[in-house]
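Here is how the chains run, residue by residue.
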Amino acid sequence: MRGSGFREHMREGHHRGGRHRGMEGAPQRGAKTFRRGKAISFLEMLHVKRATIKQQLEQPEFQSIQQILVGELKAIDLVIQEFCQLFDIQENETNNSLQEEDNAHETNE
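Residues numbered from 1 in each chain as written. Predicted model: local features only at pLDDT ≥ 70, side-chain atom pairs only at ≥ 80, totals over all residues. Heavy atoms only, no water.

**Thoughts on the overall build of the chain**
Working step 1: A count of helical and extended segments in the chain gives 4 helices and 0 strands.
Working step 2: N-terminal to C-terminal, the α/β element order of the chain is α-α-α-α.
Working step 3: For the chain, with 109 residues in total, the buried portion stands at 16%. (Helix = DSSP H or I, 4+ residues; strand = E, 2+ residues; numbered from the N terminus. Buried < 20%, exposed > 50% of the residue type's maximum accessible area, 1.4 Å probe, protein only.)

Here's what the structure looks like:
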């Protein structure tokens, strides 16, 4: 049988990496922030694809597939809208990250 020392050890969160799972009261903000950053990055990629499709709509060489492009544009708009709603992303969040990215590129050049 296990003694009370083992139970006390388990309760304190030292067994099986309990400390790393937030059992010591520290908020787990890092991973959430990282995932949110990845979601915003993906959303920005969707906006680039949308802009590309919209640009193709205006070019004469794509007139033969204009209806397909309109359908793709509507579909990507729907995906963007659902993605923003799912991850609770506001429009200003993507604008801020784009500005930060531009500033980083200017600094590196």
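That covers the picture; the talk isn't over yet.
**A closer look at the nonpolar core**
Working step 1: Judged by nonpolar contacts, Ala39, Ile40, Leu43, Leu46, Ile53, Leu57, Leu69, Leu73, Ile76, Ile80, Phe83 and Ile89 together constitute the single largest core of 12 residues.
Working step 2: Those elements giving two or more residues to this core turn out to be helix H2 (30-57) and helix H3 (66-87).
Working step 3: When sequence neighbours within four positions are dropped, the list of residues in contact with Phe83 reads Ala39, Phe42, Leu43 and Ile89. (Core = buried A, V, L, I, M, F, W, Y, C linked by side-chain atoms within 4.5 Å. Contact = heavy atoms within 4.5 Å.)

**Some points on unusual backbone geometry**
Working step 1: A positive phi angle, near 50°, is found at Asp88, a position not held by glycine.
Working step 2: Position of Asp88 among the secondary structure elements: in the loop between H3 and helix H4 (91-108).

**Structural notes on the confidence of the model for the chain**
Working step 1: Confidence along the chain averages 75 in pLDDT terms, with 57% of residues attaining 70 or more.
Working step 2: Between residues 19-23, whose pLDDT stays under 50, and residues either more than four places distant or in other chains, the model counts 8 contacts.
Working step 3: Low pLDDT (under 50) marks residues 104-109, which in the prediction has 0 contacts with non-local residues, meaning those over four places away or in another chain. (pLDDT = per-residue confidence, 0-100.)

**Thoughts on the environment of Phe42**
Working step 1: For Phe42, the position within the fold is in helix H2.
Working step 2: Remark: the alpha-carbon pair of Phe42 and Phe83, spanning 41 residues in sequence, is separated by 9.5 Å.

**A closer look at the packing of aromatic side chains**
Working step 1: All chains considered together, the criterion is met by 2 aromatic pairs.
Working step 2: Ring centres of Phe42 and Phe83 lie 5.3 Å apart, and the angle between their planes is 50°; this geometry places the pair in the tilted category. Remark: Phe83 occurs in helix H3 and Phe42 occurs in helix H2; sequence separation between them is 41 residues.
Working step 3: Relative accessible area serves as the criterion here: at 13%, Phe83 is assigned to the buried category.
Working step 4: Centre to centre, the rings of Phe83 and Phe87 are 4.7 Å apart; their planes meet at 45°, and the pair counts as tilted. Pair noted here: Phe83 and Phe87 are both in helix H3, with a separation of 4 residues, about one helical turn. (Phe/Tyr/Trp six-rings, centres within 6.5 Å; stacked < 30°, edge-to-face > 60°.)

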